[in-house]
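# Structure assessment
In case you want the letters, here they are:
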Amino acid sequence: MINIDVDHQLSAVERRFGSRVLPAGEARVVTVSQTYDAELADVWEACTNAERIPRWFLPITGDLRPGGKFQLEGNASGTIESCDPPNSFTTTWENGGEVSWIELTLVAEAPERTRLQLEHVAHVDDEMAAQFGPGAIGIGWDMAMVGLALHLTTDEAVDPAAGVAWAGSPEGREFIRGSSERWYAANVAAGTPAEEARAAADRVTAAYTAEPPADPSAEPPA
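Source: prediction; values computed, not measured.

### A word on the sheet that holds strand β7 (residues 98-110)
A sheet is described by the order of its strands in space; here 8 strands give the open sequence β1-β2-β8-β7-β6-β5-β4-β3, paired in antiparallel fashion. Edge strands, defined here as strands with exactly one partner in the open sheet, are β1 (14-22) and β3 (60-62). Strand-to-strand twist in this sheet, taken as the mean axis angle between neighbours without regard to direction, amounts to 25 degrees. Here 10 bridges tie strand β2 (residues 25-36) to strand β8 (residues 113-123), and the two strands are oriented antiparallel to one another. Bridge pairing in β8 places T31 opposite E119. Along the sheet face, helix α6 (residues 170-189) touches β1 and β2 and points at about 45 degrees away from the line of β1.

### Section: the side chain of N187
You can see N187 is positioned in helix α6. Assessed through its relative accessible area of 5%, N187 is described here as buried. A distance of 2.7 Å separates a polar atom in the side chain of N187 from a polar atom in the side chain of T192. If near-sequence neighbours (up to four positions away) are discounted, N187 is found in contact with F17, G133, P134, T192 and A197.

### A word on the environment of T79
Mapped onto the elements, T79 comes out in strand β5 (residues 77-84). What makes T79 buried here is its relative accessible area of 16%. Counting along the chain gives 15 residues from T79 to E94, while the straight-line C-alpha distance between them is 8.6 Å. Those residues in contact with T79 that lie beyond four places of it in its chain are G67, G68, K69, F70, T90, T91, T92 and E94. Within the local environment of T79, its side chain forms a polar contact with the side chain of K69, the two groups lying 3.1 Å apart.

The rules behind these values
- Position labels on residues start from 1 in each chain and follow its written sequence.
- Per-residue local features are limited, in this predicted model, to residues with pLDDT of at least 70; the limit for side-chain atom pairs, both in listing and counting, is 80 or more; totals at the level of whole chains, interfaces and linings are taken over all residues.
- Note: side-chain values were computed over all heavy atoms of the structure, leaving out hydrogens and water.
- Each pair of strands is called paired provided DSSP finds at least two bridges between the two strands.
- Under the DSSP-based scheme used, a helix requires at least four consecutive residues in state H or I and a strand at least two consecutive residues in state E, with every element numbered from the N terminus.
- The convention used is that axes are lines fitted to C-alpha atoms, helices contributing only their stretch in contact, and that angles between N-to-C directions extend from 0 to 180 degrees.
- By definition, residues are in contact when any of their heavy atoms lie within 4.5 Å.
- The buried label goes to any residue with under 20% of its type's maximum accessible area, the exposed label to any with over 50%, and the partly exposed label to all in between, with areas taken from a 1.4 Å probe on protein chains only.
- Here a polar contact means two N or O atoms within 3.5 Å. Within protein one must be a hydrogen donor candidate and the other an acceptor candidate, and residues neighboring in sequence count only if both atoms are side-chain atoms.

Rendered as structure tokens:
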């Protein structure tokens, strides 16, 4: 059973939404970062060792050396573009015919405290951004940060079935809604009009929780 302090985990993650100019054009950047009570080498291994990645994220196959290709079970594939142990790596993120990029950086804040920052860089899709906002990517990474926090704290594997069950539980839904609200705030901070950001957040929350978004024209319950 997954035991997580929802409020603490939501507050532990810093979230940013912005843009970057790439050779092929403008890109959106979703950034998550969190400090863990773990040594730099331990966090690096958890994020790069094929035997440990499934213990908090997803089963992975392939070659995790620079130039190597990998496949996450039921999710993205990619190519490792660069690696600077134990500080950073970059990789493509290929899913559904679309290619984006992951940039992961680790910084030792103390002998047993490490800050992880992950940037997910994707070419601008104005329709998708308007419909779901940064939460479309951000909520998924928030859920991954939960798995990593549990793994680094307990040194145990997170059962994938337990993770799915937790995501559908009242506590998991509370976490998803809290994550969505924080991505709404990041979207507004990035300059998106509040009304547009609110509608996108409601839609992405509904998509993740399978709940219909609120109808602003509906009469309140008696």
